[in-house]
Amino acid sequence: EDQVTQSPEALRLQEGESSSLNCSYTVSGLRGLFWYRQDPGKGPEFLFTLYSAGEEKEKERLKATLTKKESFLHITAPKPEDSATYLCAVRNQAGTALIFGKGTTLSVSS
Amino acid sequence: DGGITQSPKYLFRKEGQNVTLSCEQNLNHDAMYWYRQDPGQGLRLIYYSQIVNDFQKGDIAEGYSVSREKKESFPLTVTSAQKNPTAFYLCATQGRSNQPQHFGDGTRLSIL
């Protein structure tokens, strides 16, 4: 069964304190792993797509990496505006839909 | 301005009432999706459509119905058979098969 597990559920950081969010996945034949950011009351905003182990993508203070079993979203020197829920998803075996984890809610205080 | 428009932003349903959530897109994307999001839960797929006049059930289709008469529009009806409809409903679209999905800003449905 295709499955995505994110940890931790919640993470509190001080401004400038770097950390990582984890996304473990089980799917036969990865057809894409996706990271989204979701602000309260809004729809998810696309951040990155990763396709193969060893691949890395960067955007400002965020860097996503991928292994054969998990992905990490590294946040370097976070700012309060990085506070949001970060969602991870994989495309299902049939390629017809995304399977989402429950998300990690990040709070960054100044 | 290209994008995905969901309306209304907030919706209230009375007992026994059907309500319809609107999703319109001008991205010229073939595929459209409806997800439900509950607190502390991941997004769960209700229905999806990969082409006009065709749609498929997702994991939690019971109590919901959809239509896809135009490429731009994919309305979702929450019927009275859905006993726990209170949730945040998200519409998404996708262009080519290797592209990510993009989301609207959601409709929050509550029971009166």
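Here goes a summary of the coordinates provided. Computed from a predicted model, the values in this text were never measured in an experiment.

Right, let's get into the interface of chain B and chain A. At the junction of the two partners, chain B supplies 23 residues and chain A supplies 18 residues. Across the chain B/chain A interface, buried area totals approximately 1600 Å², and carbon plus sulfur atoms make up 50% of it. Across the contact surface, chain B and chain A share one salt bridge. A salt bridge links B:D105 to A:K42; its shortest N-O distance comes to 3.9 Å. Across the contact surface, chain B and chain A share eight residue pairs in polar contact (both at pLDDT 80 or more). Looking at the side of chain B that touches chain A, the elements with two or more residues in it are β4 (31-37), β5 (44-51), β9 (87-94) and β10 (102-103) of chain B. By residue class, the composition of the side of chain B that touches chain A is nine nonpolar, twelve polar and two charged.

Bringing the sheet that holds strand β6 (residues 56-59) of chain A into the picture now. Residues and elements named next belong to chain A. The sheet built from five strands is open, its strands ordered β1-β3-β8-β7-β6 with antiparallel pairing. In the strand order of this sheet, the two ends are held by β1 (3-7) and β6, each with one partner. Sheet twist, expressed as the average angle between the axes of neighbouring strands with direction ignored, equals 15°. With four bridges joining them, β6 and strand β7 (residues 62-66) adopt antiparallel strand pairing. Paired with K59 across the strands is L62, a residue of β7.

All names here are of chain A. By the element assignment, S71 lies in strand β8 (residues 70-75). The spatial distance from the C-alpha of S71 to the C-alpha of L33 is 8.1 Å, given a sequence separation of 38 residues. Here S71 is in contact with L21, N22, C23, L33, W35, L50, T65 and L66, once residues within four sequence places are set aside.

Residues and elements named next belong to chain B. Residues I4 and Q6 point to one face of strand β1 (residues 4-7) and are all buried, whereas T5 and S7, pointing to the other face, are not buried. Examined bridge by bridge, β1 and strand β3 (residues 19-25) share four bridges and lie antiparallel to one another. In the sheet register, T5 faces β3, and the bridge partner there is E24.

All names here are of chain B. The antiparallel open sheet is built from four strands, whose spatial order is β1-β3-β8-β7. For this open sheet the edge positions go to β1 and β7 (64-66), each flanked by a neighbour on one side alone. The average angle at which neighbouring strand axes cross in this sheet is 20°, direction not considered. As judged from the three bridges shared by β7 and strand β8 (residues 76-78), these two strands associate in the antiparallel manner.

Procedures and definitions
- Residues numbered from 1 in each chain as written.
- Chains lettered and ligands numbered in written order.
- Predicted model: local features only at pLDDT ≥ 70, side-chain atom pairs only at ≥ 80, totals over all residues.
- Heavy atoms only, no water.
- Contact = heavy atoms within 4.5 Å.
- Buried area = accessible area lost by both parts, 1.4 Å probe.
- Salt bridge = Lys/Arg side-chain N within 4 Å of Asp/Glu carboxyl O.
- Polar contact = N/O pair within 3.5 Å; in protein donor to acceptor, adjacent residues only side chain to side chain.
- Helix = DSSP H or I, 4+ residues; strand = E, 2+ residues; numbered from the N terminus.
- Nonpolar A, V, L, I, M, F, W, Y, C, P; charged D, E, K, R; others polar.
- Pairing = 2+ DSSP bridges.
- Axes fitted to C-alpha atoms, helices over the stretch in contact; angles between N-to-C directions.
- Buried < 20%, exposed > 50% of the residue type's maximum accessible area, 1.4 Å probe, protein only.

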